Every structure is written in structure tokens, then in C-alpha cells.
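Here are the chains, one letter per residue:
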Amino acid sequence: MELRNVRGLTADLHRVGVEVTPYEITGVRPGTHLGIPSPTVTLIVDLGDGLVLTGPGLAQETSFTCGVGELHLESFTIHHDGTQVGVQLDLSPGAVRRLFGIPVGALSSMVELDQIDARLTSRLRDAVGAVPHATRRQTASEVLVDHLTARWDAPGRPDPDAVRAWQRILRTRGRVRVSSLVEESGWSARRLTGVFAAEFGMGPKQAARLVRFDEARHLLEGGRVPADVAADLCYADQAHLTREFASFTGCSPTRYLADRRADVLTDSAHLDDVRSPREASERALQERMSAK
């Protein structure tokens, strides 16, 4: 990909593996919602009093102004006071390397971006905070494109066997056995698991679970019934799907969908074309899945 092609902003950032979604919600009842696990890394640029989280890897309720986290297998709880303003970036593992020069496996649960790249943090937060909501997507995209262009030839290549295994997991929607990935790599299970975990922060078995859950969640939200989703994605049965759903979200598919509908109805009364951080993530993932 030539550098000049990155200048297409939103469309070309999408090809690099970056989705940018501004959000602005005001006047809703204070509460919580879930930060659902997904196959993308989430970066939140908060323009309010901070993104307040509890969840895996956090010893207590923690506030972030520009937070980025690893791929995770448990949901975070996002606490808000009725106002949420900022920009969400959904990053593929490849985009994490291109933007920050490190693999996803080097990230911890959730950290401030300035611990990784203080200059990018300052540029990004200052830029999007200085413009109205309507132009924040373009502004954030311009900052990211400039940053990508500056470090396009930066060293640090991912292990090709790890990348091939990840791509195979995505193509099969998580319906692939680790033994098949090992056979295709030509290496031992120990060696493949080692390079995969170093790149993605989890083993191939966990990654396949995550991708399959993500696909199941989207199918259920699209109106498919659990029994059909379980069969389509090769879960042992509907009970197996329910257990996996509970592992990732803390609740059953039925409860999750009911809460999801309630959130959408609440947010829609206070939103125009903007979305909450969770809505932003879901929209980006749906676009990515439809583009496959």
C-alpha cells in the first residue's frame, strides 16, 4: 500500500484496520453498560471528565482520558453520569502495530495511551477537543493518517505464522481447531501458541472463542434464534452457546438482548447520528464483517 493512498482518510483507514466513531450523549439517566469483548482493540478519547471503568485487570474503578486496552475475554463495566462525549477508535491488531509499533500482546488490561505514545495522545486529544462533534471524525482521521505516514517504515514485523493463524480464525468465524492451525503452520503447538500469544495477547484457542462469540452476538442481534446460531457456528448445542455468552458478558443471550434493546431505546431518545462507545464498537464491527 503506497503512502499517498492513506490520504483517503476514512475509507483508507478502514483498509488499514482503523474505524473512527465520534459520540455525544447528554441528558440520559446515569448508569452503566458493558464493554463487550471483540476481535478489535478499543481506544477511547474521552472529552468529558474521564471514561470510568471496572473490569478485568483493574483493581478498582479507574478513570481514563485516552485509554487503550488489550483484547479481552471478559466484559468491562462502563460507568457514566448521563453524559458521554468523545471519539472511539476500533483498531485491528495490525493497526495497533502500525500506529504504536508494538503488538497487541504488549498491551495490558487498560492503560493511558500516553504511556505508549505521549505525542500522539496529546495531538489526538487536543485536535478532537478543539472542534465540534460534526468534524471530529475527520479531524481524528487526519491526525491518524499523519501519524501512520510518519511511521510507515518503522521496524517491527509480526510473526507470519501468528498472522496466518489469526487470519484463518477470522475467515472461519472461529470455527477452526488449534490442531488444524498447528498442522498448517508446520510448527509444534507450543511454538505456534508462543508466537501467537506474543502477538495477540492470548492463545489461538482463546482467540477462536472470541471470534466465534463475536459472530454469535451479531447474529443474535440481527434476529437469529439461539438454536440456529449455535448450529451455524458449530457450538455443541444451545446450552454451550449460553455458557460461552455468559463467560464473555456475564449474562445469558436473552438477558443481554433485553438489556441491549433497553439501551438502544434510551440512547435513541438523546442521539441523532451519534452513538455510545458500545454502539460505536458494534457499528464498526458490523461494517468490518460485512466487508469480508
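Keep in mind it's a predicted model, so treat the numbers as computed, not measured. Counting starts from 1 at the beginning of each chain's written sequence and moves along it residue by residue. At least 70 in pLDDT is required for a residue's local features to be given in this predicted model, at least 80 for side-chain atom pairs to be given and counted, and no such filter applies to totals for whole chains, interfaces and linings, which use all residues. Only hydrogens and water are set aside when side-chain values are computed; all heavy atoms of the structure are taken into account.

Trainee: I'd like a rundown of helix α8 (residues 204–221), residues and numbers included.
Mentor: By the criteria applied, helices consist of DSSP H or I runs no shorter than four residues and strands consist of E runs no shorter than two, each listed in order from the N terminus. By this rule the span expected of a helix is its residue count minus one, scaled by 1.5 Å. When the terminal C-alpha atoms of α8 are compared, their 26 Å separation across 18 residues agrees well with the 26 Å that a helix rising 1.5 Å per residue should span. Only protein chains enter the accessibility calculation, which uses a 1.4 Å probe. A residue is then buried if its area is under 20% of the maximum for its type, exposed if over 50%, and partly exposed in between. Among the 18 residues that make up α8, 14 are buried, leaving the element largely enclosed by the rest of the structure. Just beyond α8, the residue with positive phi is glycine 223, at close to 105°.

Trainee: An account of the sheet that holds strand β2 (residues 31–35) is requested, with residue identities and associated values reported.
Mentor: When DSSP finds two or more bridges between a pair of strands, those strands are recorded as paired. Strand order in this open sheet of four strands is β2-β7-β4-β5, and the pairing throughout is antiparallel. Two strands close off the open sheet at either side, each with one partner strand: β2 and β5 (62–64). Looking at each pair of strands side by side, their axes are set apart by 35° on average, direction ignored. Looking at chain direction, strand β4 (residues 51–54) and strand β7 (residues 76–80) are connected through three bridges and run antiparallel. Between N-to-C directions, angles span 0 to 180 degrees; the directions come from axes that are lines fitted to C-alpha atoms, helices contributing only their stretch in contact.

Trainee: Residue-level account of the sheet that holds strand β1 (residues 18–25), with values.
Mentor: On the basis of which strands lie adjacent, the open sheet formed by five strands has the order β1-β8-β3-β6-β9 and antiparallel pairing. Each of the sheet's edge strands pairs with one partner strand only, and the pair in question is β1 and β9 (110–112). Direction aside, the axes of adjacent strands within the sheet are offset by 20° on average. Note on contacts: a residue pair qualifies if any of its non-hydrogen atoms lie within 4.5 Å across the two residues. In the packing of helix α2 (residues 93–100) onto the sheet, contacts are made with β1, β3 (41–46), β6 (66–69) and β8 (84–91), and the angle to β8 comes to roughly 105°. Along the sheet face, helix α3 (residues 118–129) touches β3, β6 and β8 and points at about 55° away from the line of β3.

Trainee: Describe in detail the packing of aromatic side chains, supporting the description with residues and values.
Mentor: Here a pair means two rings of Phe, Tyr or Trp (six-membered ring of Trp) with centres within 6.5 Å. Their orientation is stacked below 30 degrees between planes, edge-to-face above 60, and tilted elsewhere. The tally for this structure, following the rule as stated, stands at six aromatic pairs. Centroid distance tryptophan 166 to phenylalanine 200: 4.6 Å. Interplanar angle 15°. Geometry classified as stacked. One end of the pair, tryptophan 166, is in helix α5 (residues 160–171); the other, phenylalanine 200, is in helix α7 (residues 189–200), with 34 residues separating them in the sequence. Residue classification places phenylalanine 200 among the buried positions, given a relative accessible area of 3%.

Trainee: Before we move on, can you summarise the environment of cysteine 66 with the specific residues and values?
Mentor: In this fold, cysteine 66 is placed in strand β6. It is 9.1 Å that separates the C-alpha atoms of cysteine 66 and leucine 124, two residues lying 58 residues apart in sequence. With residues near it in sequence (within four places) discarded, cysteine 66 still touches Leu43, Ile44, Val45, Val111, Glu112, Leu113 and Thr121.

Trainee: Before we move on, can you summarise unusual backbone geometry with the specific residues and values?
Mentor: A positive phi angle, close to 55°, is found at arginine 173, a residue other than glycine. Within the fold, arginine 173 resides in the loop between α5 and α6 (178–185). The phi dihedral of cysteine 234 falls on the positive side, at around 65°, and the residue is not glycine. Turning to its location among the elements, cysteine 234 is positioned in the loop between α9 (226–232) and α10 (238–249).

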